[in-house]
Amino acid sequence: MRGYGGDRLITLLAKCFIKNSGDLKDPAVRRRYGSLCSVVGIGLNLCLFAGKYLTGFLCGSIAIMADAFNNLSDAGSSLITLIGFKFAGMKPDKEHPFGHGRIEYISGLAVAAVIILMGFELAKSSVGKILTPSAVDASPAAIGVLAASVAVKLYMCSYNRAIGRRIDSTAMRATAADSLSDAAATLMVLFGMLIMRYTGIYVDGWCGVLVALFIFYTGYTAARDTLSPLLGQPPKQE
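Each chain has its residues counted from 1, running along the sequence as written. The model is predicted, so local features are restricted to residues of pLDDT at least 70 and side-chain atom pairs to those at 80 or more, both for listing and for counting; the totals for chains, interfaces and linings are taken over all residues. As a convention, hydrogens and water are excluded, and side-chain values are obtained from all of the structure's heavy atoms.

## Quick word on the pattern of salt bridges
Put simply, the rule reads: Salt bridges are identified by distance alone: a Lys or Arg side-chain nitrogen within 4 Å of an Asp or Glu carboxyl oxygen. Secondary structure is summarised from DSSP: a helix means a run of H or I of at least four residues, a strand means a run of E of at least two, and numbering begins at the N terminus for each. Partly exposed residues are those whose accessible area sits between 20% and 50% of the maximum for their type, while under 20% is buried and over 50% is exposed, using a 1.4 Å probe and protein chains only.
Counted under the stated rule, the structure contains one salt bridge. With its nearest N and O atoms 3.2 Å apart, the salt bridge here joins Asp182 to Lys153. A residue pair is termed long-range when its members are at least 10 positions apart, and Asp182 in helix α6 (residues 170-199) and Lys153 in helix α5 (residues 140-167) qualify at 29 residues. Side by side, Asp182 and Lys153 carry an identical accessibility label, which is buried.

As structure tokens, then:
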């Protein structure tokens, strides 16, 4: 199967770890793709957490350390998705004669809830920064770490969206939306640091409010896409 865009690494890993990786009509193959993406997401988010926390500690930047714990929560979101794919693959039983596939939608809804919660927490802290502005560490090391984090998160969004489209997974699309929200949040923190570095104006609080609104909308759309199948949306014609 030929990889494209951001999913090339996933396609390469799939060839190594997923048997018959090109047979996307096989539910088992589809679930393994979801599990593989989740494992990669957990690994990348843990690396981002370690790098940001260390940089924030050395630079004395509370903002970067807070962003580090945001990545730690993202690793938890990927773990939720991984568990969702695991349980979705359970065989039908007496209580669930049609299988457990809708657990995947529940995991996607849980990810959407995490997105909305992150938006609420960011909005609260942003309003606090507007009311009581404080200096933000704008060292080259801090700027470099944030820029690298944005690139990694955009890559994660790309491969989750590509694989979600390929295997038609609502949970993967919700995870892609989560990664995009994280990239936007970190980008706003980066812009705020750069503006403060070159102008001395504290705008990180206002940037945070804008990001929080974007995150709320992303969480709403992700929740809407997962709730419809759970509430009885009819299947597609195909």
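## What about the packing of aromatic side chains?
This is how it is decided: In this scheme Phe, Tyr and Trp rings, the latter by its six-membered ring, pair at centre separations within 6.5 Å, and the angle between planes marks the pair as stacked below 30 degrees, edge-to-face above 60, and tilted otherwise.
Following the criterion strictly, the structure yields two aromatic pairs and no others. Ring centres 5.3 Å apart and planes at 55° place the aromatic pair Tyr155 and Tyr159 in the tilted group. Placement of the pair is Tyr155 and Tyr159 together in helix α5, with a separation of four residues, close to one helical turn. Overall, Tyr159 belongs to the buried group, its relative accessible area being 0%.

## Notes on the nonpolar core
What counts here: Note on terminology: a nonpolar core comprises buried Ala, Val, Leu, Ile, Met, Phe, Trp, Tyr and Cys residues joined through side-chain atoms within 4.5 Å. For this analysis, residues touch if any pair of their heavy atoms sits within 4.5 Å.
Residues Ile10, Ile18, Tyr33, Leu36, Cys37, Tyr159 and Ile163 are the most contacted members of the largest nonpolar core, which totals 13 residues. Counting residues per element, the ones that place at least two in this core are α1 (8-17), α2 (27-59) and α5. Those residues in contact with Cys37, other than ones at most four positions away along the chain, are Ile10, Tyr159, Asn160, Ile163 and Met172. Formed by 10 residues, the second largest nonpolar core is a distinct cluster that contains Val111, Ala112, Ile115 and Ala223.

## Some points on the confidence of the model for the protein
Inclusion rule: pLDDT: the predictor's confidence for each residue, scored from 0 to 100.
For the protein, per-residue confidence averages 76 on the pLDDT scale, and residues scoring 70 or more make up 81% of the total. Taken element by element, the predicted model of the protein shows its lowest mean pLDDT in helix α3 (residues 62-88) (73) and its highest in α5 (87).

## Digging into a nonpolar patch on the surface
Filter applied, for reference: Like-charged residues within 9 Å of one another, or nonpolar side chains (Val, Leu, Ile, Met, Phe, Trp, Tyr) within 5 Å, are grouped into patches, provided each residue has over 30% relative accessible area and no salt bridge. Methods summary: accessible areas were calculated by the Shrake-Rupley approach with a probe of 1.4 Å, and residue burial reflects only the protein chains presented.
Taken together, Leu46, Tyr53, Leu54, Phe57, Leu58, Phe69 and Leu72 make up a surface patch of nonpolar side chains, about 700 Å² in accessible area. When contributions to the nonpolar patch are tallied by element, the ones reaching two or more residues are α2 and α3. With five residues, the single largest contributor to the nonpolar patch is α2. With respect to the element layout, Phe57 can be found in helix α2.

## With respect to the side chain of Asn160
Threshold: By the criterion applied in these results, polar contacts are pairs of N or O atoms within 3.5 Å in which, for protein atoms, one can donate a hydrogen and the other can accept it, and in which residues neighboring in sequence qualify only through two side-chain atoms.
Checked against the element boundaries, Asn160 lands in helix α5. Taking relative accessible area as the criterion, Asn160 reaches 2% and is therefore assigned buried. Of the polar contacts made by the side chain of Asn160, one reaches the backbone oxygen of Met156; its length is 2.9 Å. Other than its neighbours up to four places away in sequence, Asn160 contacts Cys37, Met172, Thr175, Ala176 and Ser179.

## A few points about the side chain of Asn45
Summarising the element assignment, Asn45 is placed in helix α2. Of the residues examined, Asn45 reaches a relative accessible area of 1% and is grouped as buried. Among all residues touching Asn45, those that are not within four sequence positions of it are Asn71, Asp74, Ala75, Ser78, Lys153 and Met156.

## Side note on the packing of α1 against α2
How we decide: Structural elements are reduced to axes, namely lines fitted to C-alpha atoms, with helices fitted over the stretch in contact, and the angle between N-to-C directions of any two is expressed from 0 to 180 degrees. The labels follow the angle: roughly parallel below 35 degrees, roughly antiparallel above 145, roughly perpendicular from 65 to 115, and oblique for the rest. Helix crossings get a hand from a simple test, with the near helix turned counterclockwise from the far one by less than a right angle marking a left-handed crossing and a clockwise turn marking a right-handed one. Under the scheme applied, nonpolar residues are Ala, Val, Leu, Ile, Met, Phe, Trp, Tyr, Cys and Pro; charged residues are Asp, Glu, Lys and Arg; polar residues are all the others, including Gly.
It is the contact of α1 with α2, at a shortest axis distance of 11 Å, that shows an interaxial angle of 120°. With respect to α2, the element α1 is oriented oblique. In terms of crossing hand, the pair formed by α1 and α2 is right-handed. Taken together, the residues of α2 that come into contact with α1 (itself represented by Ile10, Leu13 and Ala14) are Tyr33, Leu36, Cys37 and Val40. Partitioned by chemical class, the residues of the contact of α1 with α2 number seven nonpolar, no polar and no charged.

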